[in-house]
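Breakdown of the fold
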Amino acid sequence: MSQPSRTRPSGSARALSEAYDTALLDLDGVVYAGGEAIEHAVGSLGTARDGGMHLAYVTNNALRTPDAVAAHLTELGVPAEPGDVITSAQAVARLISEQVPAGSRVLVIGGEGLRVALRERGLVPVESAEDAPAAVVQGYGGPDLAWGRFAEASYAIAAGVPWFASNTDLTIPSGRGIAPGNGAAVEVVRIATGAEPQVAGKPLPPMHRETILRTGARKPLVVGDRLDTDIEGAFNGEVDSLLVLTGVTDGAQLLAARPEHRPTFVDADLRGMLTGQPEVAENDGRFGCGGWTAAVRDEEFALDGEGDPLDGLRALCAAAWTYAGDGVCELDAGKVLGRLGL
C-alpha cells in the first residue's frame, strides 16, 4: 500500500533525541566532511548519547571498515565502537551471500571495507576475472582506484558473472567540494557491459534491513543530508527522517522534492536532534511557521514575515509540497530563498 504524500514538515513537542530510540546517522555531509567534524556535530551527538539515545552510523561509503570508521569518529570526539557502524559493504555482502554458496570467490572492485565485509559472510575476495569468481562486487574505492579495475569487472560480467554494487551515489562530499562517487564508477562498467547491478545501499531495502538487524532499533530516526539516499531510504523503510542542511541538499532542491524525498523534519545541523520541531499551520492556503507565512499565488511563491530563516523554509516547503501534490514543484524559488539567505 502506497504512503500518503507528505505536504509539510512535521512538528514535535519533544526533543527528537527523546522521541526516538535510535538515530541512524549518515556520515559524509552530516557528521563530517573531508574527514573533519561538521560544526556542532560532536557536541550534539554527545548530548543525544548522554540522554540515552542510541547512535548508529549508516554510510553508503564502502571504502573503510567499521573499525576504521569508529576509530575516526572517536578521534573526532564522537566515541564509537565498530558495532555502531553499518556500511553498504556489509549490506551488499549479505545480499551476495544469500545468492552464492559459502566459500565462493568474489571479484572486488573497491577498497578494504568490501573485503572485510565479504570475509565476515564467509566469502573469499579475489582480484582478477581469471580467478573464477561467482560474483563481482563494486564499491567506492577512493580517488586512487585504478582504471584497470573497471576493465576487470567488465571482463567477468561479460562472461556472465552476476554483478553487485554497494551503492550508486553519483557524488560524494569532500573537504574540497563534491567529488564523483561510486555511482559514477558503476556507470563506467554499465556503459562497457550493458549490464545492470543488484544494488544494496541506501535508499534500497537491503541497506535498511542490514541497519535494523544490526541495531535492533524499534523507533529509529534516519538523519541525513541527501534526499535520494537518506530520505528516500527512510521513506522506503517507513520510518521518520531528519534532513540536515550541512551536506549536498539546498533549499531549492528541498522545495522541489518528490514525495519520497520529503523529510519528516528539517533543520540546519545536528542540533536539531536536541530540540522539538515547530509546527507548520495552514490557514486558507497560507502556511505559517514561526514568524513567517508562505503561499503560492499566481504560480509564484509569496513569503512574508521575519525571524528564523529555517521557519521560513519550513513554511515554503509546505506551500511547495501542497502545490505539487504527488508531483514536483517546478516554480522558481530563488527570490524567496534569497530573502532567507538559503
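Each remark here, short or long, concerns the structure printed above.
Source: prediction; values computed, not measured.

Another point: the overall build of the protein chain. Broken down by element type, the protein chain carries 12 helices and 19 strands. Dimensions of the protein chain along its principal axes, counting C-alpha atoms only, are 65 × 45 × 40 Å. Counting across all 342 residues of the protein chain, residues that qualify as buried make up 53%. For the protein chain, the accessible surface area stands at approximately 14,500 Å², while carbon and sulfur atoms represent 50% of it. Seen as two clouds, the 27 positive and the 46 negative side-chain charges of the protein chain have centres 3 Å apart.

Locating S104 in the fold gives a position in the loop between α4 (88-97) and β6 (105-109). Filtering out sequence-adjacent residues up to four positions away, S104 remains in contact with G122, L123, V124 and A134.

Throughout the structure, instances matching the rule amount to two aromatic pairs. Between Y20 and F265, the ring centres sit 6.3 Å apart and the planes meet at 80 degrees, which makes this aromatic pair edge-to-face. Of this pair, Y20 sits in the loop between α1 (16-19) and β1 (22-25) while F265 sits in strand β15 (residues 265-267), and the two are 245 residues apart along the sequence. F265 sits in the buried class, given a relative accessible area of 3%.

This part covers a negative patch on the surface. Judged by side-chain charge, D298, E299, E300 and D332 come together as a negatively charged surface patch. Along the chain, D332 turns up in the loop between α11 (309-324) and α12 (334-340).

For the rest of this paragraph, the subject is helix α2 (residues 41-50). Residues A41, S44, L45, G46 and A48 constitute the buried set of α2. Tucked into the core, α2 has its buried residues touching α1, β1 and β4 (54-59). Positive phi appears at G52, one or two residues downstream of α2, with a value of about 105 degrees.

Think of a sheet as strands paired side by side through backbone hydrogen bonds, with each pair either parallel or antiparallel. Strand order across the open sheet formed by six strands is β5-β4-β1-β13-β14-β15, with parallel pairing between neighbours. Only two strands of the sheet have a single partner each, and these edge strands are β5 (85-87) and β15. Averaged over all adjacent pairs, the angle separating strand axes in this sheet is 25 degrees, with direction ignored. For β1 and β4, the ladder comprises four bridges, and the chain directions are parallel. Paired with T22 across the two strands is H54, which belongs to β4.

Let us now look at helix α5 (residues 112-120). Side chains three or four residues apart in an α-helix point the same way, a direct result of the helix having 3.6 residues per turn. Looking only at α5, the buried set comprises G113, L114, R115, A117 and L118. The inward-facing, buried residues of α5 contact α4, β6, β7 (124-126) and β8 (135-138).

Of all five residues that make up strand β14 (residues 240-244), four are buried, and the element is covered over most of its length. With four bridges connecting them, strand β13 (residues 220-224) and β14 associate as parallel partners. Each residue of the ladder has a partner; that of L221, found in β14, is D240. Remark: the β13/helix α9 (residues 227-237)/β14 crossover connection has right-handed handedness. With three bridges connecting them, β14 and β15 associate as parallel partners. For V244, the partnering residue across the bridge sits in β15 and is D267.

Attention now moves to the packing of α4 against α5. At a minimum axis distance of 8 Å, the contact between α4 and α5 shows a crossing angle of 40 degrees. With respect to α5, the axis of α4 lies oblique. In this structure, α4 crosses over α5, and the sense of that crossing is right-handed. Here α4 contributes A89, Q90, V92, A93 and I96 to the contact with α5, which in turn contributes G113, L114, A117, L118 and E120. The class makeup of the residues in the contact of α4 with α5 is seven nonpolar, two polar and one charged.

Criteria and cut-off values
- Within each chain, residue numbers correspond to sequence positions counted from 1 in written order.
- Local features in this predicted model are restricted to residues of pLDDT 70 or higher, and side-chain atom pairs are both shown and tallied only at a pLDDT of 80 or more, whereas totals for entire chains, interfaces and linings draw on every residue.
- Derived side-chain values reflect all non-hydrogen atoms in the structure, with water molecules and hydrogen atoms excluded from consideration.
- By the criteria applied, helices consist of DSSP H or I runs no shorter than four residues and strands consist of E runs no shorter than two, each listed in order from the N terminus.
- Only protein chains enter the calculation, and the probe is 1.4 Å; a residue is then buried if its accessible area is under 20% of its type maximum, exposed if over 50%, and partly exposed in between.
- The accessible surface values rely on the Shrake-Rupley method and a 1.4 Å probe; as for residues, cover is taken only from the protein chains in view.
- In this tally, Asp and Glu contribute negative charge and Lys and Arg positive charge; neither His nor the terminal groups of the chain are included.
- To locate a charge, take NZ of a lysine, CZ of an arginine, CG of an aspartate or CD of a glutamate.
- Whether two residues are in contact is decided by their heavy atoms: any pair within 4.5 Å suffices.
- Any Phe, Tyr or Trp ring, taking Trp's six-membered ring, that has another such ring centre within 6.5 Å forms a pair; planes under 30 degrees apart are called stacked, those over 60 apart edge-to-face, and the others tilted.
- Patch rule: a residue counts if its relative accessible area is over 30% and it has no salt bridge; like charges are joined within 9 Å, and nonpolar side chains (Val, Leu, Ile, Met, Phe, Trp, Tyr) within 5 Å.
- Here, a salt bridge means any side-chain nitrogen of Lys or Arg that lies within 4 Å of a carboxyl oxygen of Asp or Glu.
- Here a strand pair is declared whenever DSSP counts at least two bridges between the two strands.
- Think of each axis as a best-fit line through the C-alpha atoms, taken over the contacting stretch in the case of a helix, with angles from 0 to 180 degrees between the N-to-C directions.
- Crossover handedness is defined here as right-handed if the route from the first strand over the helix to the second strand goes clockwise, with the strands pointing away from the viewer.
- Throughout this description, any angle smaller than 35 degrees is read as roughly parallel, any larger than 145 degrees as roughly antiparallel, any in the 65 to 115 degree range as roughly perpendicular, and the remainder as oblique.
- Crossing handedness follows the turn of the near helix against the far one: under a right angle anticlockwise gives a left-handed crossing, and clockwise gives a right-handed one.
- All amino acids are sorted into three groups, where Ala, Val, Leu, Ile, Met, Phe, Trp, Tyr, Cys and Pro are nonpolar, Asp, Glu, Lys and Arg are charged, and the leftover types, Gly among them, are polar.

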